[in-house]
Amino acid sequence: MSATVAIVGSGPSGCYLAQALRKLLPEAELTVIDRLPVPYGLVRYGVAPDHQGTKAVTRQFARLFERDGVEFIGNVHVGSDVSLAELEEMFDAVVLATGLSADRPLAAFEGVGGVYGSGDVTRAWNGHPDDAKAGFAFGEAVVVVGNGNVAMDVVRLLAKDAGEFEGSDITGDMLGGTVRQIHLLGRSGAEAAKFDATMVRELGKIEGLAIDMAQPLPEGEAKVLADLHALNGKAGDGKRLTFHFNTAPVGPVMKDGRLAGVTCRRDGDEVTLACDSVVTAIGFDARDVAWRDALLARAIDVGQGRLTERLYATGWFRRGPTGTIADNRGDAKLVAAAIAGHLQPGGRPGRLALQQKIGHQTTSYRDWQRIDEWERNSAPPNRVRAKMTSKAEMLALCAEGLSE
Amino acid sequence: MKLSLLYGTETGTAEMLCEDLQEKLEETHEVETANLEDVTPGDLALDRFHIFVCSTYGDGELPSSAIAFVDTLKAEKTDLSALRYAVFGLGDTTYDITYNNGSVVLMTALNEAGAQVLGERGLHDASGLDEPLDLALPWAEARIAEAGALVD
């Protein structure tokens, strides 16, 4: 009897794990579970909608389900639909690959209206069922806090005009249409900025965008500096982006109960930037999966992703919220080797038992293909896809398919 | 013909493409595939026609699995003047001036070692709509025909 493995999460860490495990265990029954009816997690909902080349990694993941005999079961929430303990009874090994999607909050700004997390904003632009309907009021002036690639994604998407999303799959009318001024705040100096030079150059291609720096840029060896110097002073007749380095946000400025600005500290001085909204892009954390800490603390070997005898973790859930999509591939090889080394077929029934346990409609890869086809066929002009943004709509389309 | 497919990859696309190419090409050729990570320049069998599939990472750089190979090639100045090869590059036009530059870096290193490149570099754009294999297979068949003509 072949071994049964459940992988919880169909984002890059889950799919890479399935890929690596399939190479080591050609006969095992591999099942990828997702709480949403559709696969690919962060690739579909976290990668910027105008970075379709990055999203194209799904070409690799698709063949898991189309060719390599890996099964997708969507619309199953591990926790409320089936407990982790139950899942461990059903499968010989269970792998947690759910990532870390909660925005790390900026303490002094928590709970303030008009302050949004970059993860929520990015998911909304990507049509995530949980966030698509969330209303973001960016107003005319936005302060973006953070100096990584996610902050740059937010800046770029706010800075582009409606006509500059050709070939993307950005959702709806949540573009930064009202925005005139974007302030990008980074605590460190320009030479230590974490964003990539390629992201800086991409801003240079936004036609109407004027770009300047709040302080003189340093000279130096850092690659990103040359590209920042090239951008500095870029003229444009539309929106304006101002880089503020060595600038830390201190707290919100409120006026008539509404956010009106951000107080910052820069080289010992206090500076106030007027704004209508703030987007924090200072990383992600595990605040919505508080049980993760205890699990990792008791783990047999976190380095190999082995939490207990038959429970594993991979990707950001294992190693924390740093690194790129491609880094999960290395993680997957490591964890897959640990699983293959310890896996013992125990006669556990696998996906059949899971399907019997779930009383409501679940989705298969075939269902995803149906949704995918609908989304591609429904794409508005100059878009590659229209995202279906409600779970009910997705499930209805799949149910239609069942009666065909 | 005896073919060696070698890939330099970061996200796995070049590996996938080589697997696909092997499946198609081995209908008529003897094909072996390897990750550049597992190969040194001295290992290359010079009687085989080599097809390198190489992506680009970061700011026009080599993908991680190709770095050691190219470093060794430069350091050891391996003589590859008997090697005939072709390069297929994977890139993303989003990255503009560094588009598909990883395959250029690899090609430059191979040429400096004396290797003889056949035909045009093949290119795939991840932001485009083409499947990698749809472009790479006819491209590879054309390169193989050129290599065959040289032998005859």
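This next bit is on the overall build of chain A. Looking only at helices and strands, chain A has 15 helices and 16 strands in total. Against the 2.2 N^0.38 benchmark of 22 Å for 404 residues, chain A shows a C-alpha radius of gyration of 23 Å, consistent with a compact globule. Looking at chain A as a whole, 57% of its 404 residues qualify as buried. Taking all contacts inside chain A whose residues are at least 6 apart in sequence as the whole, residues at least 24 apart take part in 76%. Taking the average location of the 45 positive side-chain charges in chain A and that of its 52 negative ones, the two points are 3 Å from each other.

With that out of the way, let us pick up the packing of aromatic side chains. In this description, a pair of aromatic rings is defined by centroid distance and the angle of the planes. Residues and elements named next belong to chain A. Tallying each qualifying case throughout the model produces 16 aromatic pairs over all chains. Look at Tyr40 and Phe61: their rings are 6.2 Å apart centre to centre, the planes differ by 40°, and that puts the pair in the tilted class. Of the two residues, Tyr40 is situated in the loop between strand S2 (29–33) and helix H2 (41–45) and Phe61 in helix H4 (residues 58–66); the sequence distance between them amounts to 21 residues. Phe61 sits in the buried class, given a relative accessible area of 0%. Where Tyr116 meets Phe136, the ring centres are 4.8 Å apart and the plane angle is 90°; that geometry is what we call edge-to-face. Placement of Tyr116 in strand S6 (residues 115–117) and of Phe136 in the loop between helix H6 (118–125) and strand S7 (141–145) is noted, with a sequence separation of 20 residues between them. Like Phe136, Tyr116 is buried. Linked through ring pairs, Tyr16, Tyr40, Phe61 and Trp368 together constitute an aromatic cluster. In this structure, Lys160 is placed above the aromatic ring of Phe165, and the distance from its NZ or CZ to the ring centre is 5.4 Å. Directly above the ring of Phe317 sits Arg292, whose terminal nitrogen or CZ lies 5.6 Å from the centroid.

Residue and element names in this part refer to chain B. Here Ala142 is to be found in helix H4 (residues 132–151). The class of Ala142 is partly exposed, set by a relative accessible area of 31%. Here the alpha-carbon distance between Ala142 and Leu118, two residues 24 residues apart in the chain, equals 9.8 Å.

To continue, consider the interface of chain A and chain B. With 21 residues of chain A at the interface, the matching set in chain B holds 29 residues. Regarding the contact of chain A and chain B, the summed buried area is about 1,900 Å², with carbon and sulfur atoms giving 40% of it. Summed over the shared surface of chain A and chain B, the number is 10 salt bridges. A salt bridge links Asp59 of chain B to Arg201 of chain A, with the nearest nitrogen and oxygen atoms 2.5 Å apart.

This next bit is on the sheet that holds S2 of chain A. Residue and element names in this part refer to chain A. With parallel pairing, 5 strands are arranged side by side in an open sheet as S3-S2-S1-S4-S16. The sheet is open, and its two edges are formed by strand S3 (71–73) and strand S16 (311–313), each paired on a single side. Within this sheet the neighbouring strands show an average axis-to-axis angle of 20°, counted without direction. For S2 and S3, the ladder comprises 3 bridges, and the chain directions are parallel. Among the inter-strand pairings, Val32 is bridged to a residue of S3, identified as Phe72. Contacting strand S4 (93–96) and S16, helix H12 (residues 327–342) crosses the sheet at an angle of about 170° to S16.

Turning our eyes to something else, we now look at the environment of Asp134 of chain B. All names here are of chain B. Mapped onto the secondary structure, Asp134 falls in helix H4. Assessed through its relative accessible area of 53%, Asp134 is described here as exposed. Spatially, the C-alpha atom of Asp134 lies 31 Å from that of Ser81, the residues being 53 residues apart in sequence.

Quick notes on the rules
Residues numbered from 1 in each chain as written. Chains lettered and ligands numbered in written order. Predicted model: local features only at pLDDT ≥ 70, side-chain atom pairs only at ≥ 80, totals over all residues. Heavy atoms only, no water. Helix = DSSP H or I, 4+ residues; strand = E, 2+ residues; numbered from the N terminus. Rg over C-alpha atoms; globule rule 2.2 N^0.38 Å. Buried < 20%, exposed > 50% of the residue type's maximum accessible area, 1.4 Å probe, protein only. Contact = heavy atoms within 4.5 Å. Lys, Arg positive; Asp, Glu negative; His and termini not counted. Charge placed at Lys NZ, Arg CZ, Asp CG, Glu CD. Phe/Tyr/Trp six-rings, centres within 6.5 Å; stacked < 30°, edge-to-face > 60°. Lys NZ or Arg CZ within 6 Å of the ring centre and 35° of its normal. Buried area = accessible area lost by both parts, 1.4 Å probe. Salt bridge = Lys/Arg side-chain N within 4 Å of Asp/Glu carboxyl O. Pairing = 2+ DSSP bridges. Axes fitted to C-alpha atoms, helices over the stretch in contact; angles between N-to-C directions.

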